[in-house]
Amino acid sequence: MGTSPQHTQAKASRQVAIGDVVFGGDQQPIISGPCSVEPGYVGHAEAAAAAGADVLRGCVFKPRSAPDRFQGMGAEGIPLLDEARRRTGLPIIAEPLDGDDVRLLRDHVDGFLIGARSMRNSRLLEAAGRAEKPIILKRSFAATYDEWLGAADYVRATGNDDVILCERGIRTFVTETRNTLDIAAVPVLASRTDLPVIIDPSHAAGRREWVLPLALAGAAVGAAGIIVESHPVPEQSWTDSCQALSTPELRDLIEQVRRLTSLRELSST
Ligand code: PEP
Ligand code: MN
């Protein structure tokens, strides 16, 4: 036995690709786009691509907290996903709310986003898992790590191990931010699972001025990537306008994250 300090042994990291963008490798890819697909989506996607995004958000079905709010463009928005993918050449992810959505989206997306409200929907997790696409699994508002990993196991039980976990903030007594970003999830889960963990600073912050610092915290702590909401005219965003980054703000965030990523690479060589 040597005298060196004992560290928790990190599990071997699994790499999960969305299109040709790898999560869990040396890079910390950025997923971006508006909160929801709107009629101007193709232009919004092109703006995110021009700012340097690696993967597009393309949510046509929106889980909302009340039925009188915009529920997304639905199936009508799917041709916009095809067009955005064709024009930017970037992979795209979208959120299914049920098994029907999985079938509708399957041939038009490169990966599925399972939202915080759906993390506990085991039937949806199984349907998404069987569709043989990579899955980003968001943590539910009050889920423990075990509950979150249990949800991932529902996907993995279908034979699909292409799961990326996403920390998006949890419910605490803090009311200034929309949710409390549990940054510890990244290092803690590195010792508990082989799955990459990304962070969503947008739904944690709830306000655009706090998105950049939280994104940088995620990059510094070793998150496998970042998913962030952006819109060319944030104030006009149909949903979550307070937290959307403008295109220059997104470009700045991406540049700053990349600088941190290269520092991490340098310090590990
Ligand atoms: C989203 O990312 O579109 C979303 C609805 O976020 P969450 O599920 O984390 O609330
Ligand atoms: Mn949103």
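See the structure above.
Once a new chain begins, its residue numbering starts again from 1 and follows that chain's sequence as written. The order in which chains are written sets their letters, starting at A; the order in which ligands are written sets their numbers, starting at 1. Where totals are concerned, whole chains, interfaces and linings use all residues; where local detail is concerned, this predicted model gives features only for residues with pLDDT of at least 70, and gives and counts side-chain atom pairs only at 80 or more. Hydrogens and water are ignored here; the side-chain numbers use all heavy atoms of the structure.

Undergrad: What am I meant to see in the coordination of the manganese ion (ligand 2) here?
TA: Tetrahedral coordination by four donors sets the ideal angle at the metal to 109.5 degrees; octahedral coordination by six donors sets it to 90 or 180 degrees. Here a donor is an N, O or S atom found within 2.8 Å of the metal, or within 3.2 Å if the metal is Na, K or Ca; sites may look incomplete because water is not among the atoms. Taken together, Cys35 (SG), His203 (NE2), Glu229 (OE) and Asp240 (OD) make up the protein donors of the manganese ion (ligand 2), found 2.0 to 2.4 Å from the metal. One chain supplies every donor for the manganese ion (ligand 2), spaced along it as C-x167-H-x25-E-x10-D. Residue Cys35 is located in the loop between strand S3 (30-33) and helix H1 (41-51), and its partner Glu229 is located in strand S10 (residues 226-229); the two are separated by 194 residues in the primary sequence. Secondary structure elements follow DSSP: runs of H or I no shorter than four residues count as helices, runs of E no shorter than two count as strands, and numbering proceeds from the N terminus.

Undergrad: Could you clarify how one ought to interpret the packing of H1 against helix H9 (residues 247-267) in this entry?
TA: When two helices pack together, their arrangement is given by the angle between the helix axes and the distance between those axes. Angles shown run from 0 to 180 degrees and are taken between the N-to-C directions of axes, each axis being a line fitted to C-alpha atoms and, for helices, limited to the stretch in contact. At a minimum axis distance of 8 Å, the contact between H1 and H9 shows a crossing angle of 35°. The two elements H1 and H9 cross, and the hand of that crossing is right-handed. Packed against H1, whose contacting residues are Ala47, Ala48, Ala50 and Ala51, the element H9 presents Thr247, Leu250, Arg251 and Ile254 at the interface. Two helices cross in a left-handed way if the nearer one is turned anticlockwise from the farther one by less than a right angle. They cross in a right-handed way if the turn is clockwise. Contacts are residue-level and defined by heavy atoms, with any inter-residue pair within 4.5 Å sufficient.

Undergrad: What am I meant to see in the site of ligand 1 here?
TA: Any residue with a non-hydrogen atom lying within 4 Å of a molecule or strand is treated as near it. As a matter of local geometry, ligand 1 sits amid Arg57, Lys62, Leu113, Gly115, Ala116, Arg117, Lys138, Arg168 and His203. Contacts described as polar in this section are N or O atom pairs within 3.5 Å, which, within protein, must combine one atom able to donate a hydrogen with one able to accept it, while residues neighboring in sequence count only if both atoms come from side chains. In this structure, Lys62 approaches ligand 1 through a side-chain N or O atom, which is 2.9 Å from an oxygen atom. Within the side chain of His203, one N or O atom sits 3.4 Å away from an oxygen atom of ligand 1. Here ligand 1 has 290 Å² of accessible area as a free molecule, and 97% of this is covered by the chains. Residues are grouped as follows: Ala, Val, Leu, Ile, Met, Phe, Trp, Tyr, Cys and Pro are nonpolar; Asp, Glu, Lys and Arg are charged; all remaining types, including Gly, are polar. Here the shell around ligand 1 is composed, by residue class, of 2 nonpolar, 2 polar and 5 charged. Accessible surface area values rest on a Shrake-Rupley calculation with a 1.4 Å probe, where residue burial reflects the displayed protein chains alone.

Undergrad: Just to check I follow, could you spell out the pattern of salt bridges for this structure?
TA: For side chains bearing opposite charge, pairing can occur when the charged atoms are close. Each reported salt bridge corresponds to a side-chain nitrogen of Lys or Arg within 4 Å of a carboxyl oxygen of Asp or Glu. According to the stated counting rule, one finds 18 salt bridges in the structure shown. A salt bridge links Glu83 to Arg87; the shortest N-O distance between them is 2.9 Å. Of this pair, Glu83 and Arg87 both sit in helix H2 (residues 78-88), 4 residues apart, which is roughly one turn of the helix. Notably, a salt bridge pairs Glu147 with Arg120, separated by 3.4 Å at the nearest N-O pair. Of the two residues, Glu147 is situated in helix H5 (residues 145-156) and Arg120 in the loop between strand S6 (111-114) and helix H4 (122-130); the sequence distance between them amounts to 27 residues. Take Arg120: its relative accessible area is 49%, and that puts it in the partly exposed class. Taken together, the shared-partner salt bridges in this structure form one network comprising Arg14, Arg156, Asp161 and Asp194. The buried label goes to any residue with under 20% of its type's maximum accessible area, the exposed label to any with over 50%, and the partly exposed label to all in between, with areas taken from a 1.4 Å probe on protein chains only.

That's the geometry; what it means functionally is another story.
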